Amino acid sequence: MNIELRQLRYFVAVAEERHFGRAALRLHMTQPPLSQAIQALEANLGTPLFARTKRSVALTPAGLALLPEAQRLLQQAATLPDLVRRAASGESGLLTLSFVSTADYSILPPLLRAFREAYPQVQIDLQEATSDLQLAQLMEGRIDAGLLIPPLPDKAKLALDYQPVLAEPLILAAPSGLKALRAKGRIALSSVADMPLIIFPRRISPGFHDTILGCFRAAGVTPHIGQEAIQMQTIVGLVSAGMGIALVPQSVSNLQRPGVDYRELQDQAPLVETGLAWRRDNVSPVLQAFLELLRKK
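Residues numbered from 1 in each chain as written. Predicted model: local features only at pLDDT ≥ 70, side-chain atom pairs only at ≥ 80, totals over all residues. Heavy atoms only, no water.

Looking up the protein in an unreviewed UniProt entry gives the name LysR substrate-binding domain-containing protein, with the organism given as Collimonas rhizosphaerae. What UniProt records for the protein under Sequence similarities (unreviewed entry) is the sentence "Belongs to the LysR transcriptional regulatory family." (UniProt positions renumbered as here; feature names shortened; annotations may be inferred.)

Along the backbone of the protein there are ten helices and eleven strands. Against the 2.2 N^0.38 benchmark of 19 Å for 297 residues, the protein shows a C-alpha radius of gyration of 32 Å, more extended than a compact globule. Seen through its C-alpha atoms, the protein measures out along the principal axes to roughly 100 × 40 × 30 Å. Summed over its atoms, the accessible surface of the protein is roughly 15,200 Å², and 54% of this surface lies on carbon and sulfur atoms. (Helix = DSSP H or I, 4+ residues; strand = E, 2+ residues; numbered from the N terminus. Rg over C-alpha atoms; globule rule 2.2 N^0.38 Å. Areas by Shrake-Rupley, 256 points an atom, 1.4 Å probe, with all protein chains shown as cover.)

So, about the nonpolar core. One broad rule of soluble globular proteins: the nonpolar side chains tend to lie buried together. Formed by 73 residues in total, the largest nonpolar core has its most connected members in Phe115, Ile245, Leu247, Tyr262 and Leu276. Residue contributions to this core peak at seven residues, all from helix α10 (residues 285-296). If sequence neighbours within four positions are ignored, Phe115 has contacts with Leu95, Val122, Ile124, Val286, Ala289, Phe290 and Leu293. If you look at the next biggest cluster of nonpolar residues, it comprises 22 residues, including Ala15, Ala24, Leu66 and Ala70. (Core = buried A, V, L, I, M, F, W, Y, C linked by side-chain atoms within 4.5 Å. Buried < 20%, exposed > 50% of the residue type's maximum accessible area, 1.4 Å probe, protein only. Contact = heavy atoms within 4.5 Å.)

The subject of this paragraph is the packing of helix α5 (residues 108-118) against α10. At a closest axis distance of 11 Å, the pairing of α5 and α10 adopts a crossing angle of 120°. Considered as vectors, α5 and α10 are oriented oblique to each other. Helix-helix and strand crossings are classified by hand; for α5 and α10 the assignment is right-handed. On α10, the residues that touch Leu111, Ala114, Phe115 and Ala118 of α5 are Val286, Ala289, Phe290, Leu293 and Leu294. (Axes fitted to C-alpha atoms, helices over the stretch in contact; angles between N-to-C directions. Parallel < 35°, antiparallel > 145°, perpendicular 65-115°, else oblique. Left-handed = near helix turned anticlockwise from the far one by under 90°.)

Let's shift gears to the packing of helix α1 (residues 5-17) against helix α3 (residues 31-45). Close contact between α1 and α3 brings their axes to 9 Å; oriented N to C, the two are set at 110°. What the angle tells us is that α1 and α3 run roughly perpendicular. Residues Arg6, Gln7, Tyr10, Phe11 and Val14 of α1 lie in contact with α3, whose contacting residues are Leu34, Ala37, Ile38, Ala40 and Leu41. When the residues that make up the contact of α1 with α3 are grouped by side-chain class, the tally is eight nonpolar, one polar and one charged. (Nonpolar A, V, L, I, M, F, W, Y, C, P; charged D, E, K, R; others polar.)

The next thing to look at is the pairing of strand β3 (residues 92-99). Burial within β3 is extensive, with six of its eight residues counted as buried. Two elements, β3 and strand β4 (residues 121-128), share eight bridges in a ladder whose sense is parallel. Looking at β4, one finds that Ser92 is bridged to Gln121. A crossover links β3 with its parallel partner β4, the connecting element being α5, and its sense is right-handed. Pairing analysis gives three bridges linking β3 to strand β5 (residues 145-148), with the strands arranged parallel. Residue pairing for β5: Ser98 is matched across the bridge by Gly146. (Pairing = 2+ DSSP bridges. Right-handed = clockwise from strand over helix to strand, strands pointing away.)

The pLDDT averaged across the protein works out to 91; a share of 97% of its residues lies at or above 70. Model confidence for the protein, summarised as mean pLDDT per element, is weakest for helix α4 (residues 61-89) at 83 and strongest for strand β7 (residues 197-199) at 97. (pLDDT = per-residue confidence, 0-100.)

With that settled, consider the packing of aromatic side chains. Here the structure, examined in full by the defined rule, presents five aromatic pairs. Arranged with centres 5.2 Å apart and planes meeting at 80°, the rings of Phe115 and Phe290 form a pair that is edge-to-face. Of this pair, Phe115 sits in helix α5 while Phe290 is found in helix α10, placing the two residues 175 residues apart along the sequence. Exposure class is identical for Phe115 and Phe290. Each is buried. Between Phe200 and Phe208, the aromatic rings sit 5.3 Å apart at their centres with planes inclined by 50°, giving tilted as the arrangement. Grouping residues by exposure puts Phe200 and Phe208 together as buried. (Phe/Tyr/Trp six-rings, centres within 6.5 Å; stacked < 30°, edge-to-face > 60°.)

Another aspect to go through is the UniProt feature "domain: HTH lysR-type" (unreviewed entry) in the protein. The feature "domain: HTH lysR-type" (unreviewed entry), as annotated in UniProt, sits at residues 3-60 in this numbering. Overall, residues 3-60 shows 60% helix and 10% strand. The separation of its end C-alpha atoms is 19 Å.

In C-alpha cells:
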C-alpha cells in the first residue's frame with residue numbers, strides 16, 4: 001500500500017468542506033482530478049471514505065476514523081522542513097557532555113544556562129566523570145565533549161581538540177577549629193603540615209595531582225597523604241569529618257559544608273585549568289553550536 005501525502009491532503013479538504021467543488025477551489029484544482037484522486041485512495045484502502053449523493057458528501061465510518069489521523073500526519077509533515085533546518089543548524093538535537101566534579105561549582109552552571117537560553121530545543125545529556133574516563137569516552141566516540149582537567153595524553157592529542165575555559169588558584173580546605181585557622185586571612189601550608197592530605201589519585205587526574213604536590217614542594221613541605229578520593233564532594237566531606245586537609249580550586253568554596261573552612265594561601269598558589277575537549281572529527285551541528293557559544297564567553 002502506497003499512500004501519498006497529496007492524497008491525504010485531498011481527502012482532508014473534501015472531508016472538511018463536505019463538498020468536492022469547494023474542496024477543488026480550496027486546492028486550486030478542478031473537480032475531476034480531485035474525484036479521481038479520492039477514488040484511487042479509496043481503492044488503495046479497500047473501502048469507501050465518503051457516502052456521496054447528488055446534493056451532499058458525508059464521511060463513512062472509515063472516513064471518520066481516517067480524518068484525525070490524516071490531519072495529524074499532514075501537520076507533522078508540515079513541520080519537517082523546520083525540523084531538518086533546526087537539526088542542521090544545531091538548534092535541535094542531542095549534546096552528550098561529561099564534566100569533572102570541580103566544574104559543577106564553577107563554569108558548568110552558567111555555561112549550561114547560556115546554552116539552554118540560546119538553544120532551548122537541544123537535549124543535553126550530562127554525565128559526571130573523572131578526566132581519565134572522559135578521555136576514554138571521547139576516544140571511543142561515546143560523548144560529544146568533556147569538561148576536564150588537562151593535560152591530554154599524546155595519543156589523545158592526535159584525535160582531540162582542546163580549549164581552555166577556566167584557570168583558578170588552589171585554596172586550602174581545612175577542618176574548622178584548627179589552631180592554625182584562628183588568625184584571619186591567608187594561611188601558610190607550613191602551618192598545617194602535620195595534617196594528613198586528602199587528594200585525587202594520580203591515576204585519575206595526574207595533572208591535578210602533581211599540581212597539588214608541587215604546591216607543597218614549593219612551600220618546603222612534604223605532605224602525608226592520608227586519604228584519596230575521586231569526587232570533590234567526597235574530599236570536602238572528609239575534610240568536614242576532620243580526616244585531613246585538601247587543596248581545592250577556588251570555586252569549590254561554593255560548596256559549603258559544616259566544619260570546613262576555606263582559606264587563600266600565603267604561598268604562591270598555582271592555577272588549576274579546566275577546559276573542554278572534543279573529537280576533531282565530530283561534525284555534530286549541536287556540538288558546533290556549543291563550541292561557538294563557548295568561544296563567545
